[in-house]
Amino acid sequence: MSGVPAQPERHAAVEDLIDALRRFTVETDVFVEVFARAHGLGRSDLNAIMWISEGTAADRPITVGELAQRISLSPAAATALVDRLESTGHVSRVRDPGNRRRVHVRMNDRAQQLAQAFFIPLGRLMHNAAQDFTDEDIASATNVVRRLCAAVVAARTATSDPAG
């Protein structure tokens, strides 16, 4: 019979994990919303800032087109979003020295410092919460979460694909 798990205990354990991640997502969203309100940002702004900040920190700046794809916005909407973030001093557009037609978006230092001041204490609390787990436990959990994240991305892609 399809839909009935062969191992009820495993099914219950996976459901418990999914529920825990769902709760984690909601609690994280509420936490992030506090930062957003304090700085006049919306959810798409914060999602964009996350990708822009990650690219800036890794010295792999993102283009507006890449940003549009990552946060599922049209190129025009992503351009307007970057315009807003640039006008409030959060980001800057920088021409690629190797290709002057390509423009990257980078976090400004002040915006990066504001985000770090807010989010670093959370990171410390999370490190403390995980301190009793072994390196192997952490690696295993990371693998599971990454695979579940990939499932979410696949579901989003299938949902947003009109042919899918």
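Refer to the preceding data block for the structure.
Now for a quick tour of the structure. (Residues numbered from 1 in each chain as written. Predicted model: local features only at pLDDT ≥ 70, side-chain atom pairs only at ≥ 80, totals over all residues. Heavy atoms only, no water.)

What about the packing of helix 2 (residues 43–57) against helix 4 (residues 75–87)?
Here is step 1: Where helix 2 meets helix 4, the closest approach of the two axes is 11 Å, and the angle between their N-to-C directions is 80°. In terms of orientation, helix 2 lies roughly perpendicular with respect to helix 4. Here Ser-44, Asp-45, Ala-48, Ile-49 and Ile-52 of helix 2 lie close against helix 4, whose contacting residues are Leu-81, Arg-84 and Leu-85.
Here is step 2: Tallied by class, the residues present in the contact of helix 2 with helix 4 amount to 5 nonpolar, 1 polar and 2 charged. (Axes fitted to C-alpha atoms, helices over the stretch in contact; angles between N-to-C directions. Helix = DSSP H or I, 4+ residues; strand = E, 2+ residues; numbered from the N terminus. Parallel < 35°, antiparallel > 145°, perpendicular 65-115°, else oblique. Contact = heavy atoms within 4.5 Å. Nonpolar A, V, L, I, M, F, W, Y, C, P; charged D, E, K, R; others polar.)

Examining the sheet that holds strand 2 (residues 91–96)
What links the strands of a sheet is backbone hydrogen bonding, and the strands pair in either a parallel or an antiparallel sense.
Here is step 1: Taken in spatial order, the 3 strands of this open sheet run 1-3-2, and their pairing is antiparallel. If you trace the sheet from one side to the other, it starts and ends with strand 1 (62–63) and strand 2, each paired once.
Here is step 2: Bridging between strand 2 and strand 3 (residues 99–107) involves 6 bridges; their strand directions are antiparallel. Paired with Arg-93 across the two strands is Val-105, which belongs to strand 3.
Here is step 3: Across the face of the sheet, helix 2 comes into contact with strand 1, strand 2 and strand 3 while running at roughly 110° to strand 3.
Here is step 4: Where helix 4 meets the sheet, it contacts strand 2 and strand 3, and its direction lies at approximately 115° from that of strand 2. (Pairing = 2+ DSSP bridges.)

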